[in-house]
Every structure is written in structure tokens, then in C-alpha cells.
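Structure at a glance
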Amino acid sequence: ELGSYCDEFLVHGVEVEGKRCGILQDLVVLLGKYSPVPVTYAGGVRSIQDIELVYTLGNGKVDLTIGSALDCFGGTLKYDDVVLWHKQHNK
């Protein structure tokens, strides 16, 4: 029902948010399977492999936001690598 009142969901995996310890895979699967509107997941990303995992587990339906893992915010994940991945998967 909530989906009829909004254009998109932003869902945070709060127990992994900002920790760079991996995504909540079960949550991403549920979002990809059941969200009636576009959905963005946030939390735990640490690598390009995690980005791939969100894409795969979410059946290409789950977008992703990345924060502290990015090099521009002090992390080790290169912003340029994320942009390249995005360009390769969104042609």
C-alpha cells in the first residue's frame, strides 16, 4: 500500500550502514522481489563485488547508494571505478 503514495523507496541496512562490511543480501533479495516502486538500497558496500551482488540479487531492480566506502570520503572504493561500472551496466 505504501508504494501507492510515493515514487521510490530508500531503504537503509542500518546494521551495516557506514561499516563497509558487506551488504544485507537477504534484504536486497526482498527489495528486488517485492518492491512495487523503484528502490534504492544503502549500507555496507565495500567493493565493486558488492555492487555486482546488489545488481544480481536485486534482479537489476535495486539501485544503490554508496557513502563512506568511496575514496572521496576516505574509503578504498574508487569513485571512478564505480562510475565506470555504472556506465557499463546502463547503456
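The structure contained in this document is the topic of the report that follows. Predicted model only: the values in this text are computed from it and were never measured. (Residues numbered from 1 in each chain as written. Predicted model: local features only at pLDDT ≥ 70, side-chain atom pairs only at ≥ 80, totals over all residues. Heavy atoms only, no water.)

1. Structural notes on the sheet that holds strand 2 (residues 39-42)
As summarised here, the arrangement of the three strands in space is 1-2-3, forming an open sheet in which the pairing is parallel. Here the strands that pair on one side only, and so sit at the sheet edges, are strand 1 (9-12) and strand 3 (62-65). Sheet twist, expressed as the mean angle between neighbouring strand axes with direction ignored, is 30 degrees. Summarising the sheet, strand 2 and strand 3 pair through four bridges and their orientation is parallel. Along strand 3, the bridge assignment pairs alanine 42 with threonine 65. (Pairing = 2+ DSSP bridges. Helix = DSSP H or I, 4+ residues; strand = E, 2+ residues; numbered from the N terminus. Axes fitted to C-alpha atoms, helices over the stretch in contact; angles between N-to-C directions.)

2. A word on the environment of tyrosine 5
Tracing the chain through its elements places tyrosine 5 in the segment before strand 1. What makes tyrosine 5 exposed here is its relative accessible area of 71%. (Buried < 20%, exposed > 50% of the residue type's maximum accessible area, 1.4 Å probe, protein only.)

3. Comments concerning helix 1 (residues 25-34)
Residues of helix 1 that are buried include every one of Val28, Leu31 and Gly32, and no others. End-on, the buried residues of helix 1 take up no more than an arc of 95 degrees, which puts them together on one face. Looking at helix 1, the residues exposed on the side facing more than 90 degrees away from the buried face are Asp26, Lys33 and Tyr34. Lining the buried residues of helix 1 we find strand 1, strand 2, helix 2 (48-57) and strand 3. (Arc of directions from axis to C-beta. Contact = heavy atoms within 4.5 Å.)

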